[in-house]
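The lines below spell out each chain.
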Amino acid sequence: MAQERAEVVLNPELCKGCGRCIDACPKHAISLGAEINQSSGMSPVGIDYGVCNHCGLCITACPEPHGLGHHQYDFTRRADAQSRPESVPPRRIPLPELEPVVLEGNHAAAIGAILAGCRHVFGYPITPSTEGAELMARLLPQLGGVFLQACSEVATVNHMYGCGGAGLPTMTFTSSPGFSLMLEGISYLIGAELPGVFVNVMRPGPGLGYIGPEQSDIKLVCRGLGHGNTHAIVLAPTSPQEMLDLTFAAFELAFRYRNPVVVAADGYLGQITGRVSLPDSMIEPGLPGWAVWGDKAHKGNLNTSILQDWAELERHNERISAKYREMERREQRSATYRAEGAHTLIIAAGTPARMAKAATARLRREGRSAGLFQPVTLWPFPIDALREPLKRAERLVVVEASDGQLEDELRLALQKANIGGIPIHHLRHMGGILPTVDEIYDTVRHVTEVEH
Amino acid sequence: MTTSALYTHFARHAGGAGLKGASTHYCAGCGHGLAHKFVAEALVELGVQDRTIMVSPVGCAVFLFYYFDTGNTQAAHGRAPAVALGHKLANPEAIVVSYQGDGDLAAIGLAEIMHAAQLGIPISVVFVNNAIYGMTGGQMAPTTLTGQWSTTTQDGRGPLQGAPMRVSEVIAQSDGAMYVERCALFDQKQRKRCKNAIKKALRLQLEGRGLGFVEILSECPTHWRMSSREAEAHVRDVLSTVFPLGVIKDEERQPWFTLPKPDFSPERVLAAIGASDAAPPRHCRGFPEHIDAADVSIKLAGAGGDGAQTAALLLTKAAISEGFDSTHIPSYGPESRGGTSYADVHVAREEVLSPGAPEPHALVAFNAPSLEKFASTVRPGGLVIYDSSVIRTVPDVAAGVRVVPVPCTAIARELGNARVKNVVALGALQEALRLLEPASLLAALGRSLAGKSEWIAVNEEAFRRGGSAAAGRS
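Numbering of residues starts from 1 in each chain and follows the order in which that chain's sequence is written. Naming scheme: in the order in which they are written, chains are lettered from A and ligands are numbered from 1. Residue-level local features of this predicted model are given only where pLDDT is at least 70; pairs of side-chain atoms are given and counted only at 80 or more, and the full residue set underlies all totals for whole chains, interfaces and linings. In computing side-chain properties, one takes all heavy atoms of the structure into account and sets aside hydrogens as well as water.

## A short note on the overall build of chain A
Turning to step 1, where the next piece is worked out: Assigned secondary structure in chain A consists of 14 helices and 21 strands.
Turning to step 2, where the next piece is worked out: Burial analysis of chain A (452 residues in total) assigns 60% to the buried set.
Turning to step 3, where the next piece is worked out: The Shrake-Rupley method, run with a 1.4 Å probe sphere, supplies the accessible areas, and residue values consider only the shown protein chains as cover. A total of about 17900 Å² of accessible surface is found on chain A, and carbon and sulfur atoms cover 51% of it. Helical segments are the DSSP runs of H or I of at least four residues, strand segments are the runs of E of at least two, and each set is numbered from the N terminus. Categorising residues by exposure relies on relative accessible area from a 1.4 Å probe, with only protein chains included: less than 20% of the type maximum marks a residue as buried, more than 50% marks it as exposed, and the intermediate range marks it as partly exposed.

Here you go:
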């Protein structure tokens, strides 16, 4: 008696005519087809059902999932689109009033990340950022977290792509040469709309450069985050306190916009130790609805940056650009010191802003009309807040530890805002040398007196 | 009953329209479709479809997510194992499959797969080797055979292009890879073995045992310029002689992979970061105005290992616990030990504006070069303390600078521990400068030696002896 077997069915429209089933058939019931199928344009194989005993071996040999099967393919059938689960929001947990702690800048950033709910850190050692990774490697195991030392910065950013893609807060510490290597992955994060926090403790280049402080990557973080139309919010701290505060804030921003956030510190900030007040709350992360988490609820989710349809890819870019415009509207941050009514306005960010503040204090003590405008977001450049002090300012002095990378951002922002005509002077250092208080003081006096 | 984790309808393939919604993007006879089917069947048979994440590579399988009804992540070229590890560490319950071709895995992604294999965290790797770059149009792969034509080896792969890489044998050398098998698709027996190998690799992951690696010799009729059946024969007769089929490694390993749950209890977090709501006692009655109205700067300089940084940190911590602002910034030479080591400290009433100390109120020099370098920078009326055990000559200083020799090294040796010379110097600095109160520094010293109580006595004695030496009492 013949064994009961499910019928073998060929779906001719879905057969590409490769013929791999032919040799798989012990009955030699299958042959290459001669006729071209009108809908597929291919020549499907033919099955001689007089010979076929429905053993099914041809199905196992067919590379097309629906080419050969046990039933006619139903072209009208549509799987129910899987609905995206509700996001579990992060939970803010109040903290008691705490005494200030004494922290090195890299450690302060690490603790900011821990308080922001980050328990997954990936990294590759590089001076002068390494203490951040070392502290994470020590603390995270105490908190059920994971520090994985990656085989490179390239691997690091891709570990983050997976972990951030699973919807969890993740971060790394790096420094300029390492950050260069992460740019590809950052472009992918932006394309796939995934969060991740990069603390880049910048050091001088080009190439290996050395390990001192430089604001060497302002161009990269503002204009060069890998290929494509990329931007990310860039936060520039000036102290261990801001290393903690801005790293803490970076996580919320990264999840709000589903985009990487860069904390652009410098070697000096990484190494400096100072007083740090802790925030009044910490975060327990939730799980976003879009996460590729690895359970039934999130099964329909996809993280990808490839879009085959050109029009769809343009729309995708437009959607991402709309996020950039929103960041420009909502996320500009800056600080000022005695900037109101200042005739000479110093523009400085990061560590040089600290020296500029001291120089401003000295100039003011001497009755000179000087003030400081400090971009806290390097991108978006805080042009809105600059308008007010610009009304009275007669000149700008850009003080930075790079070859004009901050000044380029300022000039572009001024031009986009149609603000022109104000003389821009500068004081620059590179190689690990920072502008000193004396130099800033002298530069401001010099440009003021030369103009008059 | 669902028997496969592939979608019935490929809604992501060209929007699911027409025939594309039911067929793959692969060329006729391509082995990828079979590899997909076997992975998809194995996922269902193991009951893990819902918790699976497929990581797709760059290459012909870039659109894996068109087909797999699982969580999906598309990775950058070569980085699929790194991405897979990110997923696995985020959610250890997820079953993560890194699916890669030969260019992706064996060329651009070799570092990532080698380190994932050495690490051995349980993920499953499916490596589809067809000895050619398919998606970019038939260029040489690391696994292209010697003599094989490709668009970038027009005369056949020759000596200047190297020999084909036997990837599974390389992976099998890695300690973390517990199971490595090379399979093929050219006949029913091979297909069955291939499916079983995939299933085994997945099961090892499911059981938390380790990393499984399945290489699949796969046909690329298009770029081999063969019919599908010729391509099958080519794998059977040629490819599998260069890349021998079979189990390359199959170790017994007990389940080991578990991760704790992330802890968000505030108590644990605050304990880990060393935060406390208990205010340290204050000993100072006010800011040391006799030195400066608002901001005192001190430089400690020596060779690496002299303890300048440790002493500077103690100053900073003590000053902050007194309610002042304080900063410490080191400057090291390139060597980890033995190079130059300078530390700048500020103590400010309100806020340290500029943390560098180019013109310090006080200098502590542990060796002659440091004293030579910085003595003249000390501002008029300031203080220089130097280790008179090791420095013989004192350079010129500004008017009114007080120079105090302290035999730091000799005192430390007398105390039986040369390493406490920095604390001797700190005691001397406190005595000569009266920056804080001795009790502030001793308290900071005690806190920094928490857990090493046997060191407290000698350090306290070093501090006291330094003070006496500076006072001329020793």
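## Re the overall build of chain B
Turning to step 1, where the next piece is worked out: Counting secondary structure elements, chain B contains 15 helices and 13 strands.
Turning to step 2, where the next piece is worked out: Computed over its C-alpha atoms, the radius of gyration of chain B comes to 34 Å, more than 25% above the 23 Å expected for a compact globule of 474 residues.
Turning to step 3, where the next piece is worked out: Along the first, second and third principal axes, the C-alpha set of chain B runs to 100 × 55 × 45 Å.
Turning to step 4, where the next piece is worked out: Counting only residues that meet the buried cut, chain B has 60% of its 474 residues in that class.
Turning to step 5, where the next piece is worked out: Surface accessibility of chain B: about 17900 Å² in total, with carbon and sulfur atoms responsible for 52%. The globule rule used for comparison is 2.2 Å times the number of residues to the exponent 0.38, while the radius of gyration itself is calculated over C-alpha atoms.

## Some details on the domain arrangement of chain A
Residues and elements named next belong to chain A.
Turning to step 1, where the next piece is worked out: For the domain bounds, the source is a domain assignment made automatically or taken from a database. Domain annotation for chain A reports domain 1 (1-76), domain 2 (91-330) and domain 3 (334-451).
Turning to step 2, where the next piece is worked out: Taking the mean C-alpha position of each, domain 2 and domain 3 sit 28 Å from one another.
Turning to step 3, where the next piece is worked out: Defined here as a combined quantity, buried area equals the accessible surface (1.4 Å probe) lost by two parts on assembly, summed across both. For the pairing of domain 2 and domain 3, the buried interface totals around 2300 Å² over both sides, and the portion due to carbon and sulfur atoms is 59%.
Turning to step 4, where the next piece is worked out: When residues of domain 2 are sorted by the area they lose upon contact with domain 3, Gln 215, Ile 218 and Thr 238 head the list and together hold 27% of the total.
Turning to step 5, where the next piece is worked out: Every case where a carboxyl oxygen of Asp or Glu lies within 4 Å of a side-chain nitrogen of Lys or Arg is listed as a salt bridge. Applying the counting criterion to the domain 2 and domain 3 interface returns one salt bridge.
Turning to step 6, where the next piece is worked out: One salt bridge in this structure joins Glu 409 and Arg 223, with 2.8 Å as the shortest N-O distance.
Turning to step 7, where the next piece is worked out: The set of elements that each furnish at least two residues to the side of domain 2 that touches domain 3 consists of helix 7 (218-223), strand 11 (233-235), helix 8 (240-257), strand 12 (260-266), helix 9 (267-271) and helix 10 (310-330).

## A short note on the interface of chain B and chain A
Turning to step 1, where the next piece is worked out: Tallying the contact residues gives 102 residues for chain B and 93 residues for chain A.
Turning to step 2, where the next piece is worked out: Viewed at the interface, chain A and chain B are joined by eight salt bridges.
Turning to step 3, where the next piece is worked out: For Asp23(A), the salt bridge is made with Arg229(B), and the minimal N-O distance between the two is 3.0 Å.
Turning to step 4, where the next piece is worked out: Per element, the largest residue contribution to the side of chain B that touches chain A is seven residues, and it comes from helix 2 (residues 80-90) of chain B.
Turning to step 5, where the next piece is worked out: Relative to strand 2 (residues 71-74) of chain B, strand 15 (residues 302-303) of chain A is paired through two bridges, and the arrangement is parallel. Considered in strand 2 of chain B, the bridge of Asn303(A) is made with Thr73(B). Contacts: residue pairs with any heavy atoms within 4.5 Å of one another. Paired strands are those between which DSSP finds at least two bridges.

## Side note on the sheet that holds strand 16 (residues 334-337) of chain A
All names here are of chain A.
Turning to step 1, where the next piece is worked out: A sheet is described by the order of its strands in space; here five strands give the open sequence 16-18-17-20-21, paired in mixed fashion. Strand pairing shows two members of the sheet lacking a second neighbour, strand 16 and strand 21 (424-428), which therefore form its edges. Each adjacent strand pair in this sheet contributes to an overall mean axis angle of 20 degrees, direction not counted.
Turning to step 2, where the next piece is worked out: Taken together, the four bridges between strand 16 and strand 18 (residues 370-375) define a ladder with antiparallel strand orientation. Opposite Ala 335, over in strand 18, you have Gln 374 as the bridge partner.
Turning to step 3, where the next piece is worked out: Lines fitted to C-alpha atoms define the axes, with helix axes restricted to the stretch in contact, and inter-axis angles between N-to-C directions lie between 0 and 180 degrees. Of the strands in this sheet, strand 17 (344-347), strand 20 (395-400) and strand 21 are in contact with helix 13 (residues 405-416), which crosses strand 20 at around 145 degrees.

## Digging into the domain arrangement of chain B
Turning to step 1, where the next piece is worked out: Each domain of chain B was delimited in the assignment, giving domain 1 (13-250) and domain 2 (295-470).
Turning to step 2, where the next piece is worked out: Between the C-alpha centres of domain 1 of chain B and domain 2 of chain B there is a distance of 61 Å.

## What about the pairing of strand 17 of chain A?
Remember that side chains alternate between the two faces of the sheet whenever the strand is regular.
Residues and elements named next belong to chain A.
Turning to step 1, where the next piece is worked out: Along strand 17, one buried face is formed by Thr 344 and Ile 346 and the opposite face, lined by Leu 345 and Ile 347, is buried too.
Turning to step 2, where the next piece is worked out: When strand 17 meets strand 18, the two strands line up parallel, connected through four bridges. By the bridge assignment for strand 18, Thr 344 is matched with Ala 370.
Turning to step 3, where the next piece is worked out: Think of it like this: strands point away, you trace from the first strand over the helix to the second, and a clockwise trace means the crossover is right-handed. Between strand 17 and its parallel partner strand 18, the chain crosses via helix 11 (residues 351-365), and the hand of that crossover is right-handed.
Turning to step 4, where the next piece is worked out: Sheet topology note: the strand 17/strand 20 ladder contains four bridges and is parallel. Bridge pairing links Ile 346 to Val 397 in strand 20.

## Points about the nonpolar core
Turning to step 1, where the next piece is worked out: Residues belong to a common nonpolar core when they are buried Ala, Val, Leu, Ile, Met, Phe, Trp, Tyr or Cys residues joined through side-chain atoms within 4.5 Å. Judged by nonpolar contacts, the single largest core of 164 residues is most densely connected at Met171(A), Leu386(A) and Phe213(B).
Turning to step 2, where the next piece is worked out: Considering each element in turn, this core owes the most residues, nine residues, to helix 8 of chain A.
Turning to step 3, where the next piece is worked out: Setting aside residues no more than four positions away along its own chain, Phe213(B) makes contact with Leu105(B), Ile113(B), Val125(B), Phe127(B), Val167(B), Ser168(B), Ile171(B), Tyr179(B), Val180(B) and Glu181(B).
Turning to step 4, where the next piece is worked out: Ranked by size, the runner-up nonpolar core spans 47 residues in total, among them Ile298(B), Ala319(B), Leu383(B) and Ala470(B).

## Here we look at the side chain of Asn459(B)
Residue and element names in this part refer to chain B.
Turning to step 1, where the next piece is worked out: The residue Asn 459 is located in helix 15 (residues 456-470) in this model.
Turning to step 2, where the next piece is worked out: There is a polar contact of 2.8 Å between the side chain of Asn 459 and the backbone oxygen of Trp 455.
Turning to step 3, where the next piece is worked out: Not counting residues within four places of it along the chain, the set of residues in contact with Asn 459 comprises Val 420, Val 423, Leu 445 and Leu 449. Whenever two N or O atoms come within 3.5 Å, that pair is a polar contact, provided that in protein one can donate a hydrogen and the other can accept it, and provided that, for residues adjacent in sequence, both atoms are side-chain atoms.

## Considering the packing of aromatic side chains
All names here are of chain B.
Turning to step 1, where the next piece is worked out: Each pair of aromatic rings taken from Phe, Tyr and Trp, with Trp reduced to its six-membered ring, is defined by centres within 6.5 Å and is described as stacked if the planes are under 30 degrees apart, edge-to-face if over 60, and tilted in the remaining cases. Going through the model one piece at a time under the given rule, you end up with 12 aromatic pairs over all chains.
Turning to step 2, where the next piece is worked out: For the ring pair Phe 63 and Phe 65, a centre distance of 6.1 Å and an interplane angle of 80 degrees mean the geometry is edge-to-face.
Turning to step 3, where the next piece is worked out: The exposure class assigned to Phe 65 is buried, which follows from its relative accessible area of 4%.
Turning to step 4, where the next piece is worked out: Both rings, one in Tyr 342 and one in Phe 374, keep their centres 4.8 Å apart while their planes meet at 85 degrees; by these two values the pair is edge-to-face. In this pair, Tyr 342 sits in strand 10 (residues 340-348) while Phe 374 sits in helix 11 (residues 368-374), placing the two residues 32 residues apart along the sequence.
Turning to step 5, where the next piece is worked out: Here Tyr 342 falls in the buried class, since its relative accessible area comes to 14%.
Turning to step 6, where the next piece is worked out: Members of the aromatic cluster, joined through ring pairs, are Phe 10, Tyr 26, Phe 63, Phe 65, Tyr 66 and Tyr 67.

## Here we look at the pattern of salt bridges
Turning to step 1, where the next piece is worked out: One pass over the full model with this rule turns up 46 salt bridges over all chains.
Turning to step 2, where the next piece is worked out: One connected set of salt bridges, linked through shared partners, spans Arg20(A), Arg191(B), Glu219(B) and Glu232(B).

## Concerning helix 2 of chain B
Turning to step 1, where the next piece is worked out: Here helix 2 of chain B lies mainly inside the structure; 11 of its 11 residues are buried.
Turning to step 2, where the next piece is worked out: Of the residues making up helix 2 of chain B, those classed as buried are Ala80(B), Pro81(B), Ala82(B), Val83(B), Ala84(B), Leu85(B), Gly86(B), His87(B), Lys88(B), Leu89(B) and Ala90(B).

## What to know about the sheet that holds strand 7 (residues 246-250) of chain B
Turning to step 1, where the next piece is worked out: In spatial order, the strands read 15(A)-2(B)-1(B)-3(B)-4(B)-6(B)-5(B)-7(B); together these eight strands make up an open sheet with mixed pairing. Each edge of the open sheet carries a strand with a single partner, namely strand 15 of chain A together with strand 7 of chain B.
Turning to step 2, where the next piece is worked out: Strand direction decides the pairing type here: strand 4 (residues 124-129) of chain B and strand 6 (residues 211-217) of chain B, joined by six bridges, are parallel. Its bridge partner being in strand 6 of chain B, Val125(B) is matched across the sheet by Phe213(B).
Turning to step 3, where the next piece is worked out: Contacting strand 1 (52-56), strand 2 and strand 3 (95-101) of chain B, helix 2 of chain B crosses the sheet at an angle of about 175 degrees to strand 3 of chain B.

## Some points on helix 4 (residues 130-139) of chain A
Turning to step 1, where the next piece is worked out: By the criterion of burial, helix 4 of chain A is predominantly enclosed, with seven of the 10 residues buried.
Turning to step 2, where the next piece is worked out: Within the sequence span of helix 4 of chain A, burial applies to Thr130(A), Glu131(A), Gly132(A), Ala133(A), Leu135(A), Met136(A) and Leu139(A).

## With respect to the environment of Gly59(B)
Turning to step 1, where the next piece is worked out: Looking at the secondary structure, you find Gly59(B) in the loop between strand 1 and strand 2.
Turning to step 2, where the next piece is worked out: In this structure Gly59(B) comes out as buried when scored by relative accessible area, which is 17%.

## What to know about the packing of helix 1 (residues 32-45) of chain B against helix 6 (residues 188-206) of chain B
Residues and elements named next belong to chain B.
Turning to step 1, where the next piece is worked out: The interhelical angle for the contact between helix 1 and helix 6, taken along N-to-C directions, is 50 degrees, at an axis separation of 9 Å. The angle between the axes of helix 1 and helix 6 places the two elements in the oblique class. Classified by chirality, the crossing of helix 6 by helix 1 is right-handed. Of the residues in helix 6, those in contact with Leu 34, Ala 35, Phe 38, Val 39, Glu 41, Ala 42, Leu 43 and Glu 45 of helix 1 are Arg 191, Cys 194, Lys 195, Ile 198, Lys 199 and Leu 202.
Turning to step 2, where the next piece is worked out: A per-class count over the contact of helix 1 with helix 6 returns nine nonpolar, no polar and five charged. An angle below 35 degrees is read as roughly parallel, one above 145 as roughly antiparallel, one from 65 to 115 as roughly perpendicular, and any other as oblique. Crossing handedness is read from the near helix: turned anticlockwise from the far helix by less than a right angle, it gives a left-handed crossing, and turned clockwise, a right-handed one. Nonpolar residues are Ala, Val, Leu, Ile, Met, Phe, Trp, Tyr, Cys and Pro. Charged residues are Asp, Glu, Lys and Arg, and all others, Gly as well, are polar.

## Topic: unusual backbone geometry
Residue and element names in this part refer to chain A.
Turning to step 1, where the next piece is worked out: Here the amide bond leading from Thr 127 into Pro 128 is cis, since omega sits at 5 degrees, within 30 degrees of zero.
Turning to step 2, where the next piece is worked out: On the secondary structure map, Pro 128 appears in the loop between strand 7 (120-123) and helix 4.
Turning to step 3, where the next piece is worked out: The omega torsion of the bond from Gly 205 to Pro 206 falls at -10 degrees, within 30 degrees of zero and hence cis.
Turning to step 4, where the next piece is worked out: The topology assignment puts Pro 206 in the loop between strand 10 (196-202) and helix 7.
Turning to step 5, where the next piece is worked out: Positive phi is not limited to glycine here, since His 54 has a value of about 60 degrees.
Turning to step 6, where the next piece is worked out: The residue His 54 is located in the loop between strand 3 (46-47) and helix 2 (57-61) in this model.
Turning to step 7, where the next piece is worked out: Unusually for a residue other than glycine, Arg 338 sits at a positive phi of about 50 degrees.
Turning to step 8, where the next piece is worked out: The residue Arg 338 is located in the loop between strand 16 and strand 17 in this model.

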